[in-house]
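# Summary of the model geometry
The residues making up each chain are set out below.
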Amino acid sequence: MWHEESVNPTKIIHGNFTEPNSLFVTSNGDIYIDDGFKNGRVQKWIAETNTFVTVMNVNSSCYGLFVDINHTLYCSMADHHQVVKRSLNDPVMTSNYVAAGTGIYGFGAHTIYSPRGIFVDVNLDLYVADCGNDRVRLFYSGDSYGSVVVGSTSKNPTITLDCPSEIILDAEKNLFIADQNNHRIVGSSSNGFRCLVGCYGKGSQSNQLDRPFRFSFNHYGNMFVTDYSNHRIQIFQYYEEACSSPSVIQIPYSSAVKSNYSSELTTNSQTYSRDCRISNYYYETIRVNVAETGYYALSSNSSMNTFGDIYKDDFNPMNPFENLLSQDYRSCSYQDFKFIAYLHTGTKYILVVTTSSPNMTGNFSILTSGPNNITLDPYTQVVTNCFIGQKCQFYKKSIGVILDDILRDEIRPNMTLADQTVLVKINAVLTMIMFVGGLINSMLSILTFQNKDLRQVGCGIYLLASSITSFLTISMFTVKFWFVVLTQTNSSIRLSVVRGGCVSIEPLLKLCLYLDAWLNACVAVERAILVFTGINFNKQKSQHIARWIILILP
């Protein structure tokens, strides 16, 4: 046990229990501890007397424990796909009652699959984190049927879960869920679910989680998370302030608040796609130098509605979610950005200042406050990763260097082809020459191998198919080139068109190219077989195999 402000444990409780999976602390300080794995029981540590008593007999581990307002103890048995309960007011430990589940795993309305965390509200309604079914079930008091309230099979699916392991309900009936295999904590509100913690993928950084198992809130709203695979407990602090008052960080350091940095965004500033959908956001990168570790408030004052993000180590405009640092944005509707971030000394931080809407320019200044003064300096980043286009971040590196990578920095946005660089014009001419030459070559090849005498063996069939794929390859290449040029020069093209082209044209181009290579390989293999078999070569069998291979190759 720790007091919140303490570094070392203030009390260590030793007991005869094996591999406890859960515990529950009541308001008087008593602790209910799972001891079902080996000893088949739930123990209660009584704070007043520092003693243990057995309060429930179980036949497996309890992955969730809960005591409701009527002093009924609930145990979530993942291995038996069931939640059981017994009244602590009963002096005799009789058999437990089934609160949810049939004892057999399943996916239907009556069954649960490997349940984990549980929560019972003041109406004695039971919420179950149905881990194996990737959902949260609600069992109303006295009802064993239950309904799905969160998950892809719920009546109003707003979020997809992957093995929820803990669930908490607040006084406003908002649900908070540990989405274990998605490595995050999510919460509900009037607008549906949103990610609260671990929103940037699995990891060990301070804003990341790795299979969170349990979490809880204290009276201040701070969240404590059992970060299972990172072998740590994390605290995520909650801040709230009135719109008319300064932030909690600004108050104790108000004398240190000053305009640390002033600059402007112009039409000559660099641009990127802030939300991976719309490009042409002007931005500036600023190096943040921290003298003392702690919480810092950063805000902007401008004439253009600025938007800010902090990145750790470096900022990649081709992937604006990479290295993004967790920060607490203010809930008030400020015209410019204002947020709090926990910054460490000796760590490289990059502040990116952009705008809330594209194509906006103007002056801005950055204000900071915290335990010590921080300095802000202009920063120029080096981009090394290859991506497909500014508006389309679906693939990274795996598909290879493509036209988007080659042309992205050469094409001038919102300009006609006549106003583009000489390199773009040369590429356009070369592409059309390649298309015409490839078209003539493919047509002649197709006419050649239409001759039945040349298709008496598999090689002729392979070469006819190769002629067709060659034509498709050069055609798709030409389509891809002009698609890249048009989408980069015309920012008004609908997003659905851009995304459709990104996910279709490039794979089709690669498919045609690889098919052509494999068909040539088939020709080489068959010729090797012909040399080996000699006069025993079976032409009919060769034709039959060739037709099947062509069908299978894609």
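Values in this document were obtained by computation on a predicted structure and should not be read as measured data. (Residues numbered from 1 in each chain as written. Predicted model: local features only at pLDDT ≥ 70, side-chain atom pairs only at ≥ 80, totals over all residues. Heavy atoms only, no water.)

Bringing the overall build of the protein chain into the picture now. For the protein chain, the count of helices and strands is five helices and 29 strands. In the protein chain, which comprises 554 residues, the proportion classed as buried is 46%. Once local pairs closer than 6 in sequence are excluded, the contacts in the protein chain between residues at least 24 apart make up 56%. Counting only carbon and sulfur atoms, one obtains 56% of the accessible surface of the protein chain, whose full area is about 28500 Å². (Helix = DSSP H or I, 4+ residues; strand = E, 2+ residues; numbered from the N terminus. Buried < 20%, exposed > 50% of the residue type's maximum accessible area, 1.4 Å probe, protein only. Contact = heavy atoms within 4.5 Å. Areas by Shrake-Rupley, 256 points an atom, 1.4 Å probe, with all protein chains shown as cover.)

As enumerated under the stated definition, the model contains two disulfides in all. With its sulfur 1.8 Å from that of its partner, cysteine 131 forms a disulfide with cysteine 163. A torsion of -85° about the S-S bond marks the disulfide between cysteine 131 and cysteine 163 as left-handed. On the criterion of sequence distance, the pair formed by cysteine 131 in the loop between β10 (126-130) and β11 (135-139) and cysteine 163 in the loop between β12 (147-151) and β13 (164-169) is long-range, its members being 32 residues apart. Classification of cysteine 163 as buried rests on a relative accessible area of 6%. Cysteine 459 provides the cysteine sulfur closest to cysteine 522, a residue in no disulfide bond, and the two sulfurs are 9.4 Å apart. (Disulfide = S-S within 2.5 Å.)

So, about the pairing of strand β18 (residues 223-227). Taking every second residue as pointing to the same face, the buried face of β18 carries Met223, Val225 and Asp227, while none of Phe224 and Thr226 on the other face is buried. As judged from the five bridges shared by strand β17 (residues 212-217) and β18, these two strands associate in the antiparallel manner. Across the sheet, the residue bridging to arginine 214 is threonine 226, located in β18. Here β17 hands over to β18 after five residues, with glycine 221 in that stretch at a positive phi of 90°. Joining the antiparallel neighbours β18 and strand β19 (residues 232-236) is a turn of four residues, in which histidine 231 adopts a positive phi near 55°. (Pairing = 2+ DSSP bridges.)

Right, let's get into the UniProt feature "transmembrane region" (unreviewed entry) in the protein chain. The feature "transmembrane region" (unreviewed entry), as annotated in UniProt, sits at residues 428-449 and 461-485 in this numbering. The distance from the first to the last C-alpha atom of residues 428-449 is 31 Å, and the span holds 95% helix and 0% strand. The span residues 461-485 is 100% helical and 0% strand by assignment, and the distance between its end C-alpha atoms comes to 36 Å. (UniProt positions renumbered as here; feature names shortened; annotations may be inferred.)

In this section: the packing of aromatic side chains. Throughout the structure, instances matching the rule amount to 14 aromatic pairs. An angle of 85° between the planes, with centres 5.1 Å apart, marks the rings of phenylalanine 481 and tryptophan 482 as edge-to-face. Classification of phenylalanine 481 by relative accessible area gives buried; the value is 2%. On the basis of relative accessible area, tryptophan 482 is assigned to the partly exposed category, the value being 25%. (Phe/Tyr/Trp six-rings, centres within 6.5 Å; stacked < 30°, edge-to-face > 60°.)

The four strands are arranged β1-β2-β3-β4 in an open sheet whose pairing can be described as antiparallel. In this open sheet, the two edge strands, each paired with only one partner strand, are β1 (23-25) and β4 (51-57). Direction aside, neighbouring strands of the sheet carry axes that sit 25° apart on average. Here β1 pairs with strand β2 (residues 31-35) via three bridges, running antiparallel. Counterpart to phenylalanine 24 in the pairing with β2 is tyrosine 32. (Axes fitted to C-alpha atoms, helices over the stretch in contact; angles between N-to-C directions.)

What follows covers the packing of helix α3 (residues 458-489) against helix α5 (residues 539-552). Following both chains from N to C, one finds α3 and α5 inclined at 25°, their axes separated by 8 Å at the closest point. Viewed along their axes, α3 and α5 adopt a mutual orientation that is roughly parallel. Handedness of the crossing formed by α3 with α5: right-handed. Here Gly458, Ile461, Tyr462 and Ala465 of α3 come into contact with α5, specifically with Ser542, Gln543, Ile545, Ala546, Arg547, Ile549 and Ile550. Across the contact of α3 with α5, the residue classes tally to seven nonpolar, three polar and one charged. (Parallel < 35°, antiparallel > 145°, perpendicular 65-115°, else oblique. Left-handed = near helix turned anticlockwise from the far one by under 90°. Nonpolar A, V, L, I, M, F, W, Y, C, P; charged D, E, K, R; others polar.)

Turning our attention to the nonpolar core. Formed by 47 residues in total, the largest nonpolar core has its most connected members in Val83 and Leu126. In contact with leucine 126, not counting residues within four places along its chain, are Tyr74, Val83, Ala99, Ala100, Ile118, Phe119, Val120, Arg137, Leu138 and Phe139. One finds Leu265, Tyr282, Val290 and Ile366 within the second-largest nonpolar core, a separate group that totals 22 residues. (Core = buried A, V, L, I, M, F, W, Y, C linked by side-chain atoms within 4.5 Å.)

Turning next to the UniProt feature "repeat: NHL" (unreviewed entry) in the protein chain. According to UniProt, the positions carrying the feature "repeat: NHL" (unreviewed entry) are residues 103-142. Helix makes up 0% of residues 103-142 and strand 40%. Its end C-alpha atoms lie 18 Å apart.

On to the confidence of the model for the protein chain. Per-residue confidence for the protein chain gives a mean pLDDT of 83, with 87% of residues at or over 70. Confidence drops under pLDDT 50 across residues 241-257; counting only partners more than four residues distant or on other chains, this segment forms 35 contacts. Under a pLDDT of 50 for its full length, residues 383-398 has, in the predicted model, 51 contacts with residues more than four places off or in other chains. (pLDDT = per-residue confidence, 0-100.)

Here we have four strands laid out as an open sheet, ordered β13-β14-β15-β16, and antiparallel in their pairing. Each having just a single partner strand, β13 and β16 (192-197) make up the two edges of the open sheet. On average, adjacent strands in this sheet sit at an angle of 25° to one another, irrespective of strand direction. Note that strand β15 (residues 184-189) and β16 share five bridges and pair antiparallel. Its bridge partner being in β16, glycine 187 is matched across the sheet by arginine 194.

We now examine the pattern of salt bridges. Under the counting rule described, the total for this entry stands at seven salt bridges. Across the pair arginine 135 and aspartate 130 runs a salt bridge whose closest N-O atoms are separated by 2.8 Å. Across this residue pair, the class does not change: arginine 135 and aspartate 130 are buried. Across the pair glutamate 166 and arginine 214 runs a salt bridge, and its minimum N-O distance is 3.9 Å. Note that glutamate 166 is positioned in strand β13 and arginine 214 in strand β17, a separation of 48 residues in sequence. The exposure classification of glutamate 166 matches that of arginine 214, with both residues buried. (Salt bridge = Lys/Arg side-chain N within 4 Å of Asp/Glu carboxyl O.)

Attention shifts here to the packing of helix α2 (residues 422-448) against α3. Running from N to C, α2 and α3 cross one another at 160°; their axes reach a closest spacing of 9 Å. Here α2 lies roughly antiparallel to α3, going by the angle between them. Judged by the twist between their axes, the crossing of α2 over α3 is left-handed. In terms of residue class, the contact of α2 with α3 is made up of 15 nonpolar, nine polar and no charged.

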